[in-house]
Amino acid sequence: MSKYKNIVILTGAGISAESGLATFRDEEGLWNKHKVEDVATIEGFARNPDYVHDFYNEMKKELIDVKPNKAHLAITELQKNYPADISVITQNVDTLHEKAGNENVYHIHGQINQAVCMNCGNVIATWDDVTTEDICQNCGVLGMFKPNIVFFGESLLCMNKVDELLRKCDLFISIGTSGVVFPANTFVRTAKYHHAETIEFNLKSTANNYDFDKHIIGKAGETFPQYVKDLISCE
Ligand code: APR
């Protein structure tokens, strides 16, 4: 009889760090090398769509061959061997959860291998470059694609599902997020309000540290697989 029935795992850039990907706010983070207002806001995109397309087309080239690490693989291990509904809510736009075989993955900030037509809402999946020269096959309009990345100021994706998952979860796990970005940094509070146990995996204490019942400090690729092993063995 498993202790937990509905598990939600929230992930951030830190879970992908051991796959060699930069996070956003650590020392070598993306936001130390690029201005958020230039590449992650709708105003920045309107100001210079070619520059923003180039930024994400470059990121796409980096991400296409990156491999999942032991933390991603441990989620698959848990989903396969622990009898509970286990969902992943990720802030990451990489596809490492999918490459690791994770199921029930919800990308609330979008995905690097997708683009959305701002005229008709058509979403396409592509690892190729997306530019202002592309024509939407759905509505026929030229140059209206943007990366399917949620820019600051835009609404998050999958939020109805996220709300449903947070209301019914009895275990909320956060892996590799600094907890500074709204509304993902409030998910732990919603889960807690609905009586979930809350546990955080990070290299260090985070902005919403006090919201968690437990903190496991260390590299997620080491700490989380061990946690999964212990959870499955107690099952
Ligand atoms: N193991 C565990 N945690 C790690 C590891 C690791 N190997 N490496 C880094 N971390 C932790 C850092 O300590 C930090 O708390 O991962 C976190 C990364 O934080 P951010 O760089 O702020 O990334 P994230 O929390 O995902 O950012 C949220 O902000 O800019 C937006 O859309 C962007 O999705 C992103 C959102």
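Here we summarise the structure given alongside this text. Keep in mind it's a predicted model, so treat the numbers as computed, not measured.

Turning to the sheet that holds strand β7 (residues 171–175), a few remarks are in order. A sheet is described by the order of its strands in space; here six strands give the open sequence β3-β2-β1-β7-β8-β9, paired in parallel fashion. In this open sheet, the two edge strands, each paired with only one partner strand, are β3 (105–107) and β9 (214–217). Direction aside, the axes of adjacent strands within the sheet are offset by 15° on average. By the bridge criterion, four bridges tie strand β8 (residues 197–202) to β9 in an arrangement that is parallel. In the sheet register, Phe 201 faces β9, and the bridge partner there is Ile 216. The strands that helix α7 (residues 159–168) touches are β1 (6–11), β2 (85–90), β3 and β7; relative to β2, the one it contacts most, it runs at about 130°. Of the strands in this sheet, β1, β7, β8 and β9 are in contact with helix α9 (residues 220–234), which crosses β7 at around 160°.

Below, the discussion takes up the packing of aromatic side chains. Here the structure, examined in full by the defined rule, presents seven aromatic pairs. Measuring from centroid to centroid gives 4.8 Å for Phe 55 and Tyr 56, while their planes differ by 85°, and the two rings are edge-to-face. On the accessibility criterion, Phe 55 (10% relative accessible area) is buried. What makes Tyr 56 buried here is its relative accessible area of 5%. Cluster of aromatic residues (ring-pair linked, three or more members): Phe 45, Phe 55, Tyr 56 and Phe 151. Over the ring of Phe 151 we find Lys 146, and its NZ or CZ is 4.3 Å from the ring centre.

The rules behind the values
- Residues numbered from 1 in each chain as written.
- Predicted model: local features only at pLDDT ≥ 70, side-chain atom pairs only at ≥ 80, totals over all residues.
- Heavy atoms only, no water.
- Pairing = 2+ DSSP bridges.
- Helix = DSSP H or I, 4+ residues; strand = E, 2+ residues; numbered from the N terminus.
- Axes fitted to C-alpha atoms, helices over the stretch in contact; angles between N-to-C directions.
- Contact = heavy atoms within 4.5 Å.
- Phe/Tyr/Trp six-rings, centres within 6.5 Å; stacked < 30°, edge-to-face > 60°.
- Buried < 20%, exposed > 50% of the residue type's maximum accessible area, 1.4 Å probe, protein only.
- Lys NZ or Arg CZ within 6 Å of the ring centre and 35° of its normal.

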